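Chains, contacts and geometry: an overview
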Amino acid sequence: MRWAGVLSAAWLTAAGVAHAQAPVTAKVEGGVLAGEATDRANVFRNIPFAAAPVGKLRWAPPQTPAKWTGSRDATRNGPSCPQPMNANGAPNGGGANGPVSEDCLQLNVFAPKDAAKGARGAAPVMVWIHGGSHRTGAGWVYDGQNFARDGVVVVSINYRLGALGYFAHPALTRAAGAEPTGNFGLMDQIAALEWVKRNAAAFGGDPENVTVFGESAGGMSILALLATPKARGLYQKAIVQSGGGWFPPVDLAAKEQQGAAALAKAGVAATATADELRAIPVETLVPIAANYGPFIDGKLMTESASQALARGTFDDVPLMIGSNSGEDSLMGPGPLTPAQLALIPPAVRPIYKDEAAQGDEVLARAVFTDRIMGGAARWVAAEAAGGKPAWLYHFSYVGSRFRPAVKTAAHAAEIQYVFEYWGRRTAVSQIGEDDKAMAALMHACWVSFAKTSAPKCGAQDWPAYDAKTDKLMEFGAESGVRTNFRKPQLDLQQTVALPTLGLKQ
């Protein structure tokens, strides 16, 4: 199924600028940063981790940025990477609005106010990779101050998106020579992680205790990082939120064909050289819609994340992974079209009796949620559990402001609870005490994992996943450990999905 193109980032959006109390500085490899101290964190924004990918560097691996003299103002967010924006200025599906620029390879840092600085600081580091279909979103959208308050350095990053981030063309492949091509967004993420390893100590962070975490396209990116040898050693733990796990093995040749066809529709000659492609106005590239995301380019990525898991070449690190009860929100608000309903496989009806009894709309949405996210996450946890432990979760909590009309937790709904921050779109008056309790629980689980490599949180122990016992943690109206959660349905989805990917049961 072509689902990566519809993955959206959280509607959570963080405040653009922290409420300043006093200036604060940090010295990184590029020079001195002048950030600001808030009541919860030392905040540094718009820090370049790679040179502007423009001119000869468009569709090229990220390069080292220039150093600066004096102190660099780090109190304001940088631009988002080029992406479709709403004309009225409202946040897009990835939560981004405001200025865009190809010179967008920057990151924000939220550091504990009392973290000791040195060659190896004491605070664990978490690097957030945003979602948005690999086409929208920005690191600045997310506010990590509550993680910093609780002793964690959080780094939120930008990476190239859309046709600038995941794009291949025969002319670009020829020009790349021995260098990898196509997965430029993934290259940016690796470059950001390399920067974090070199500079985390300047913020009191431990470069040998890094957790990568992300949602949707960000979760997919983390699975790709775990399958990419060049990323090894840049992180020690990973959290995947609604990132799937069953990925078709798309290769460079297929992506080249897609890229050439897309540019042909935009009026670009088939004989265009790499230099001519790099001269295409960015306004021509941003509207190109495609199924963007990491793929097997043959050099950086030599196998898909699914293949790496099945073959045992996936990076063996502690892992948390899960999904939400209403992932079908990715299908749109409904009603579903006859074409969508026609895709329901007849074989699912006996297993999905309860859903089928409520009509094809309910059935189709349940199958989508299990196929795209729930079943895939369980399979990833089972495959990864053979080495370092993995923990599986299911998020079903519905915020008090949505009840009783909304019954399931939409795609990305968990992010505000993970960050324990409600963002620009939610008034404090809309948040109930049970919402705050859920946020405190989930945030504590994520913080504990970053600090101890295990989610030690809440009143009930969260067991590591084992396919034989099949236990997960549900974050819901009544949170707790569940055994054999939707087992018949997820077993069916796994039986159907794996052969289509060329993988064994």
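Please read all numbers here as calculations on a predicted model, not as lab measurements.

Quick word on the overall build of the protein chain
- For the protein chain, the helix and strand inventory stands at 15 helices and 13 strands.
- Counting only C-alpha atoms and orienting by the principal axes, one finds that the protein chain spans roughly 65 × 60 × 45 Å.
- Taking all 505 residues of the protein chain together, 59% fall into the buried category.
- Once local pairs closer than 6 in sequence are excluded, the contacts in the protein chain between residues at least 24 apart make up 78%.
- Once the 46 positive and 43 negative side-chain charges of the protein chain are each reduced to a mean point, those two points are 2 Å apart.

Side note on the state of the cysteines
- What the rule picks out here adds up to two disulfides.
- Linked covalently through their sulfurs, C81 and C104 form a disulfide whose S-S length is 2.1 Å. Across the S-S bond of C81 and C104 the torsion is about 90 degrees, and the bridge reads as right-handed. Note that C81 is positioned in the loop between β4 (71-73) and β5 (106-111) and C104 in the loop between β4 and β5, a separation of 23 residues in sequence.
- The exposure class of C81 is buried, given its relative accessible area of 1%.
- Judged by relative accessible area, which is 1%, C104 ranks as buried.

What to know about the packing of aromatic side chains
- Taken as a whole and assessed by the stated rule, the structure comprises 18 aromatic pairs.
- Here W59 and F167 contribute two aromatic rings whose centre-to-centre distance is 5.0 Å and whose plane-to-plane angle is 20 degrees, an arrangement assigned as stacked. With a gap of 108 residues between them, W59 in the loop between β3 (42-48) and β4 and F167 in the loop between α2 (162-165) and α3 (170-176) connect regions that are remote in the sequence. Note on accessibility: W59 and F167 belong to one class, buried.
- A ring pair is formed by W128 and F213, whose centres lie 4.7 Å apart and whose planes are at 65 degrees; its orientation type is edge-to-face. Of this pair, W128 sits in strand β6 (residues 123-129) while F213 sits in strand β8 (residues 205-215), and the two are 85 residues apart along the sequence. Across this residue pair, the class does not change: W128 and F213 are buried.
- Across the ring face of W59, the terminal group of R58 is positioned such that the distance to the ring centre comes to 5.4 Å.

Some words on the packing of helix α12 (residues 360-384) against helix α15 (residues 487-500)
- Two elements in contact, α12 and α15, have axes whose closest approach is 9 Å; the angle formed by their N-to-C orientations is 85 degrees. As the angle between them shows, α12 and α15 are arranged roughly perpendicular. Across the interface between the two elements, V367, D370, R371, G374, G375, R378 and W379 from α12 touch K487, Q489, L490, D491, Q493, Q494, A497, L498 and T500 from α15.
- A per-class count over the contact of α12 with α15 returns five nonpolar, six polar and five charged.

A word on the packing of helix α4 (residues 184-199) against helix α5 (residues 217-226)
- Between α4 and α5, the least distance of the axes is 11 Å, while the angle of their chain directions is 75 degrees. Taken together, the axes of α4 and α5 are roughly perpendicular relative to one another. Here α4 contributes L186, Q189, I190 and L193 to the contact with α5, which in turn contributes S221, A224 and L225.
- For the contact of α4 with α5, the per-class residue count stands at five nonpolar, two polar and no charged.

Considering the pattern of salt bridges
- Evaluation of the coordinates by the stated rule reveals 20 salt bridges.
- The salt bridge involving E355 is made with R486; its shortest N-O contact spans 3.2 Å. Taken together, the positions of E355 in helix α11 (residues 353-357) and R486 in the loop between β13 (480-483) and α15 put the pair 131 residues apart, joining distant regions of the chain.
- Where E361 meets R365, a salt bridge forms, and the shortest distance between an N and an O atom there is 3.0 Å. Here the residue E361 and the residue R365 both occupy positions in helix α12, the gap between them amounting to four residues, near one helical turn.
- Residue E361 is classed as partly exposed on the basis of its relative accessible area of 25%.
- Residue classification places R365 among the buried positions, given a relative accessible area of 12%.
- A cluster of three or more residues bridged by salt bridges with shared partners is formed by R149, D150 and E420.

Observations concerning helix α14 (residues 433-452)
- Between its terminal C-alpha atoms α14 stretches 28 Å, which fits the 28 Å expected from 20 residues at 1.5 Å a residue.
- Taken together, the buried positions of α14 are D435, M438, A439, M442, H443, C445, W446, V447, S448, F449 and A450.
- Phi turns positive, to about 70 degrees, at S453, one or two residues after α14.

Let's talk about the confidence of the model for the protein chain
- Of the residues in the protein chain, 95% have a pLDDT of 70 or more, and the chain-wide mean is 94.
- When the criterion is pLDDT under 50, residues 1-18 qualifies, and its contacts beyond four places in sequence or with other chains add up to 93 contacts.

Some remarks on the pairing of strand β12 (residues 471-475)
- Most of β12 is tucked away, with four of its five residues classed as buried.
- In the sheet, strand β11 (residues 390-395) pairs with β12 via three bridges, with the strands oriented parallel. Pairing of H394 across the sheet is with E474, part of β12.
- Hairpin connection between β12 and β13: a loop of four residues separates the two successive antiparallel strands.

Quick word on the environment of A274
- Tracing the backbone shows A274 in helix α7 (residues 274-278).
- Assessed through its relative accessible area of 10%, A274 is described here as buried.
- Along the primary structure A274 and A171 are separated by 103 residues, whereas in three dimensions their C-alpha atoms are 5.2 Å apart.
- Contacts of A274, omitting those with residues within four sequence positions, involve A171, L172 and A175.

Each value, and the rule that gives it
Residues numbered from 1 in each chain as written. Predicted model: local features only at pLDDT ≥ 70, side-chain atom pairs only at ≥ 80, totals over all residues. Heavy atoms only, no water. Helix = DSSP H or I, 4+ residues; strand = E, 2+ residues; numbered from the N terminus. Buried < 20%, exposed > 50% of the residue type's maximum accessible area, 1.4 Å probe, protein only. Contact = heavy atoms within 4.5 Å. Lys, Arg positive; Asp, Glu negative; His and termini not counted. Charge placed at Lys NZ, Arg CZ, Asp CG, Glu CD. Disulfide = S-S within 2.5 Å. Phe/Tyr/Trp six-rings, centres within 6.5 Å; stacked < 30°, edge-to-face > 60°. Lys NZ or Arg CZ within 6 Å of the ring centre and 35° of its normal. Axes fitted to C-alpha atoms, helices over the stretch in contact; angles between N-to-C directions. Parallel < 35°, antiparallel > 145°, perpendicular 65-115°, else oblique. Nonpolar A, V, L, I, M, F, W, Y, C, P; charged D, E, K, R; others polar. Salt bridge = Lys/Arg side-chain N within 4 Å of Asp/Glu carboxyl O. Expected span 1.5 Å × (residues − 1). pLDDT = per-residue confidence, 0-100. Pairing = 2+ DSSP bridges.

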